[in-house]
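A structural walkthrough
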Amino acid sequence: MSEGPAATGQAAVDQLLEVLDLDQTGAMAFRGISPPVGPQRVYGGQVAGQALVAAGRTVDPERFVHSLHGYFVRPGDPAEPIEYQVENVRDGRSFSVRRSVALQHDKPIFFMSASFQRQEEGLDHHAPVPPDVPAPDDVPTMTDRLSRYPERLGIWGQIPRPIDVRYVGEPGWVRPGDRPAEPHQRVWMRLDGKLPDDPLLHACALTYASDLTLLDSVLSVHGEVWGPGGVVGASLDHALWFHRSFRADEWFLYDCWSPSASGARGLATGRMFTTDGRHIASAVQEGLLRRVGA
């Protein structure tokens, strides 16, 4: 992967697939890299997605991930490889549990437990999709929104964008004062290209995407924004449950809201729905949030 103009579409998706394609260095050990152009610290969704790749590669492929719980303990350096060590906690008749630890300089930057289950039949219900949400083609594209904020083009013009993100309301990166307070942060998402059919890969891609806008729902309640004159933050922990089969390269609605914020921390939760109203996943995250001056 070489530096240059920001990759979009299938080219950006192919770069993401490279990032998720870990090198196996031992029976339960893997190594991952970060994109050559990106933030000053490793994006949380990346390290969580890679940790799930590592865990999933040690599990019977007939068992599918149904939940993961992780903690971010140190910022990751994108210039350095990330080592992943996987522990086989248990292989039972129906479930397999793994612990995946991400390390840099022999210190953990993230650790995660993930549980995998063989397919079974049982009770089936879910809450309905939020009503009156416009379709993805009826809301502005990221390019449309960025055109109003040319100061953001320098950043977004360099970082690959493998995910097509379409905000139903105002995003958190607008200028202070440009964002009305809203109880929900809703976005349509999909991988902006084609993925292989491997269900684990789609789960890892969804894990990668799940960290993009979730914490922003805490700011949305207050009409706050990220950056100067607003708030800076970092993910503290992240949990994700997979309910039904899905493709991460097809549109899903990410409906996020915040039930509580206090003590410089905010709690955010979100649900993901397909365009036909199937509830495919749920996420919860707590983040550190601190005000910064203009």
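Per an unreviewed UniProt entry, the recorded name for the chain is Acyl-CoA thioesterase 2, and the organism is Micromonospora chaiyaphumensis. The record held by UniProt for the chain lists under Catalytic activity (unreviewed entry) the comment "a fatty acyl-CoA + H2O = a fatty acid + CoA + H(+)". Database annotation for the chain, UniProt heading Sequence similarities (unreviewed entry): "Belongs to the C/M/P thioester hydrolase family."

1. Let's talk about the packing of helix α1 (residues 9–20) against helix α5 (residues 199–210)
Here α1 crosses α5 at 105°, and the two axes come no closer than 11 Å. It follows from the interaxial angle that α1 and α5 lie roughly perpendicular. On α5, the residues touching Leu-16, Leu-17 and Leu-20 of α1 are Leu-201, Cys-204, Ala-205 and Tyr-208. Tallied by class, the residues present in the contact of α1 with α5 amount to seven nonpolar, no polar and no charged.

2. What about the sheet that holds strand β3 (residues 63–72)?
Read across the sheet, 12 strands follow the order β1-β2-β4-β5-β6-β3-β9-β12-β11-β10-β8-β7 without closing on themselves; strand pairing throughout is antiparallel. Each having just a single partner strand, β1 (23–26) and β7 (163–167) make up the two edges of the open sheet. Averaged over all pairs of adjacent strands, the angle between strand axes in this sheet comes to 25°, irrespective of strand direction. Relative to strand β6 (residues 107–118), strand β5 (residues 95–104) runs antiparallel, the two being bridged by 10 bridges. Each residue of the ladder has a partner; that of Arg-99, found in β6, is Ser-113. The strands touched by helix α2 (residues 44–56) within the sheet are β2 (29–32), β3, β4 (82–91), β5, β6 and β9 (231–242), with β6 carrying the most contacts at an inclination of about 50°. On the sheet, α5 packs against β3, β6, β7, β8 (184–191), β9, β10 (252–262), β11 (265–274) and β12 (279–291) and is oriented at approximately 150° with respect to β9.

3. Some points on the layout of surface pockets
Here the second largest pocket defines a volume of roughly 990 Å³. Lining the second largest pocket are 31 residues; nearest its centre among them are Phe-64, Gln-119, His-243, Arg-244 and Ser-245. Elements with a minimum of two residues in the lining of the second largest pocket: β3, β6 and α5. Residue composition of the lining of the second largest pocket, by class: 11 nonpolar, nine polar and 11 charged.

4. Re the pattern of salt bridges
By the definition in use, this model includes 15 salt bridges. Here Arg-166 ties to Asp-164 by a salt bridge, and the two come within 3.2 Å at their closest N and O atoms. Given a relative accessible area of 11%, Arg-166 falls into the buried group. The exposure class assigned to Asp-164 is buried, which follows from its relative accessible area of 11%. Salt-bridge contacts for Asp-216 lead to Arg-179; the nearest nitrogen and oxygen are separated by 2.9 Å. Of this pair, Asp-216 sits in helix α6 (residues 216–222) while Arg-179 sits in the loop between β7 and β8, and the two are 37 residues apart along the sequence. A network of salt bridges, in which partner residues are shared, links Asp-137, Asp-164 and Arg-166.

5. Points about the UniProt feature "domain: Acyl-CoA thioesterase 2 C-terminal" (unreviewed entry) in the chain
Feature annotation in UniProt places "domain: Acyl-CoA thioesterase 2 C-terminal" (unreviewed entry) on residues 177–288, given in this structure's numbering. Between the end C-alpha atoms of residues 177–288 the distance is 22 Å, and the span holds 17% helix and 46% strand.

6. Some points on the nonpolar core
Among the nonpolar cores identified, the biggest contains 67 residues, and Val-47, Leu-52, Tyr-84, Phe-110 and Phe-242 are the most heavily contacted of them. Beyond its immediate sequence surroundings of up to four residues, Tyr-84 is in contact with Leu-22, Met-28, Ala-29, Phe-30, Gly-32, Val-47, Gln-50, Ala-51, Ala-54, Ser-100, Val-101 and Ala-102.

7. So, the packing of aromatic side chains
Applying the stated criterion across every chain yields a total of six aromatic pairs. Ring geometry for Phe-242 against Phe-246: centres 6.2 Å apart, planes inclined by 10°, an arrangement best described as stacked. When sorted by exposure, Phe-242 lands in the same class as Phe-246, which is buried. Ring pairs connect the aromatic residues Tyr-149, Tyr-167 and Trp-173, which therefore count as one cluster.

About the thresholds
- Residues numbered from 1 in each chain as written.
- Predicted model: local features only at pLDDT ≥ 70, side-chain atom pairs only at ≥ 80, totals over all residues.
- Heavy atoms only, no water.
- UniProt positions renumbered as here; feature names shortened; annotations may be inferred.
- Axes fitted to C-alpha atoms, helices over the stretch in contact; angles between N-to-C directions.
- Helix = DSSP H or I, 4+ residues; strand = E, 2+ residues; numbered from the N terminus.
- Parallel < 35°, antiparallel > 145°, perpendicular 65-115°, else oblique.
- Contact = heavy atoms within 4.5 Å.
- Nonpolar A, V, L, I, M, F, W, Y, C, P; charged D, E, K, R; others polar.
- Pairing = 2+ DSSP bridges.
- 1 Å grid on protein atoms, 1.4 Å probe; cavity = no way out; pocket = protein on both sides within 12 Å on 5 of 7 lines; lining within 4 Å.
- Points joined across faces, edges and corners; volume = space filled by probe spheres on them.
- Salt bridge = Lys/Arg side-chain N within 4 Å of Asp/Glu carboxyl O.
- Buried < 20%, exposed > 50% of the residue type's maximum accessible area, 1.4 Å probe, protein only.
- Core = buried A, V, L, I, M, F, W, Y, C linked by side-chain atoms within 4.5 Å.
- Phe/Tyr/Trp six-rings, centres within 6.5 Å; stacked < 30°, edge-to-face > 60°.

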